[in-house]
Amino acid sequence: EDYTDDSYLPAALRFNSLVQEEFVRARQLGSWTRRIMEHWSQVAVLEVTSPMPESLTWGDELEVRSVVRLGGLNPDDVACDIYYGPLDADGRFASRDTQQMDAVGGGDGTFEFRGRINCRSTGRLGLKVRVVPFNGDLNSKYALGLAAWG
């Protein structure tokens with residue numbers, strides 16, 4: 001039942017919305033996908049900054065800022081996420097979480113994104129910024145297999 005509710009039903013609803021009105025949304029999604037593929041090589045995370053205090057307390061929030069070059073794409077074409085979590089002794093993520101960032105300005109192909117994370121673990125904290133193509137008509141923001149990291 002969970003698989004039906006989580007997978008089959010959303011897929012059927014997405015299919016129905018894509019084929020209405022003589023496949024208008026399906027054609028728009030195809031055009032959007034072509035544009036993403038044409039411009040993705042221009043996408044890069046140029047800068048990630050966060051004011052790192054000497055120590056954080058459980059529940060503190062930390063602001064993260066990122067400058068992302070999108071080239072011929074717009075902030076609405078992507079999802080920009082903070083990828084964060086505690087680090088193990090080797091500096092790798094022991095576990096991770098994600099938090100969406102919002103576009104707050106920019107132009108000429110370069111945009112600033114900001115987000116906040118809630119510190120819910122002790123020890124060393126690692127963070128990265130991940131940019132992936134995003135369109136509500138895709139079944140997943142990972143459907144195109146593209147990502148830029150910084």
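The shown structure was predicted, so the numbers you read here are calculated from the model rather than taken from an experiment.

1. Concerning unusual backbone geometry
Alright, step 1. For D108, which is not glycine, the phi dihedral falls at a positive 55°.
Alright, step 2. Along the chain, D108 falls in the loop between β5 (102–107) and β6 (110–118).
Alright, step 3. Residue classification places D108 among the exposed positions, given a relative accessible area of 86%.

2. Some details on the nonpolar core
Alright, step 1. If you look at the biggest cluster of nonpolar residues, it comprises 25 residues, and the most contacted ones within it are W40, L70, F113 and V131.
Alright, step 2. Within the residue set of this core, elements represented by two or more residues are α1 (2–39), β2 (61–69), β3 (78–86), β6 and β7 (125–133).
Alright, step 3. The greatest single-element share of this core, amounting to 4 residues, is contributed by β3.
Alright, step 4. The contact partners of V131, leaving out residues within four places of it in the chain, are W40, V43, V45, V68, L70, V78, A79, C80, L146, A147 and A148.

3. Quick notes on the pattern of salt bridges
Alright, step 1. Per the counting criterion, the structure on display carries 11 salt bridges.
Alright, step 2. In this structure, the salt-bridge partner of E112 is R114, at a minimum N-O distance of 2.6 Å.
Alright, step 3. Judged by relative accessible area, E112 falls into the buried class, the value being 18%.
Alright, step 4. Looking at R114, the relative accessible area reads 35%, which means it is partly exposed.
Alright, step 5. If you follow the salt bridges from partner to partner, you end up with E47, R65, E112 and R114 in one network.

4. Quick look at the sheet that holds β5
In a beta sheet, neighbouring strands pair by backbone hydrogen bonds and run either parallel or antiparallel.
Alright, step 1. If you trace the 4 strands from one edge of the open sheet to the other, you get β1-β2-β6-β5, paired in antiparallel fashion. Each edge of the sheet is formed by a strand with only one pairing partner; in this case those strands are β1 (44–49) and β5. Averaged over all pairs of adjacent strands, the angle between their axes in this sheet comes to 25°, without regard to strand direction.
Alright, step 2. In this sheet, β2 lies alongside β1 in antiparallel orientation, the contact comprising 5 bridges. For V45, the partnering residue across the bridge sits in β2 and is V68.

5. Some thoughts on the side chain of R130
Alright, step 1. Mapped onto the fold, R130 is located in strand β7.
Alright, step 2. Only 3.1 Å separates the side chain of R130 from the side chain of Y142, close enough to count as a polar contact.

6. Topic: the packing of aromatic side chains
Alright, step 1. On inspection of all chains with the given rule, the structure shows 2 aromatic pairs.
Alright, step 2. Considering the side-chain rings of Y83 and F93, the 5.1 Å spacing of their centres and the 85° angle between planes classify their relative orientation as edge-to-face. Remark: F93 occurs in the loop between β3 and β4 (97–100) and Y83 occurs in strand β3; sequence separation between them is 10 residues.
Alright, step 3. Judged by relative accessible area, Y83 falls into the buried class, the value being 17%.
Alright, step 4. On the basis of relative accessible area, F93 is assigned to the partly exposed category, the value being 25%.
Alright, step 5. Ring plane angle 85° and centroid distance 5.0 Å describe the contact between Y83 and W149, whose orientation is recorded as edge-to-face. Of the two residues, Y83 sits in strand β3 while W149 sits in strand β8 (residues 148–149), which places them 66 residues apart along the sequence.
Alright, step 6. Take W149: its relative accessible area is 42%, and that puts it in the partly exposed class.
Alright, step 7. Taken together, Y83, F93 and W149 form an aromatic cluster joined through their ring pairs.

Criteria and thresholds
- Residues numbered from 1 in each chain as written.
- Predicted model: local features only at pLDDT ≥ 70, side-chain atom pairs only at ≥ 80, totals over all residues.
- Heavy atoms only, no water.
- Helix = DSSP H or I, 4+ residues; strand = E, 2+ residues; numbered from the N terminus.
- Buried < 20%, exposed > 50% of the residue type's maximum accessible area, 1.4 Å probe, protein only.
- Core = buried A, V, L, I, M, F, W, Y, C linked by side-chain atoms within 4.5 Å.
- Contact = heavy atoms within 4.5 Å.
- Salt bridge = Lys/Arg side-chain N within 4 Å of Asp/Glu carboxyl O.
- Pairing = 2+ DSSP bridges.
- Axes fitted to C-alpha atoms, helices over the stretch in contact; angles between N-to-C directions.
- Polar contact = N/O pair within 3.5 Å; in protein donor to acceptor, adjacent residues only side chain to side chain.
- Phe/Tyr/Trp six-rings, centres within 6.5 Å; stacked < 30°, edge-to-face > 60°.

No statement about biological role is implied by the geometric values presented.
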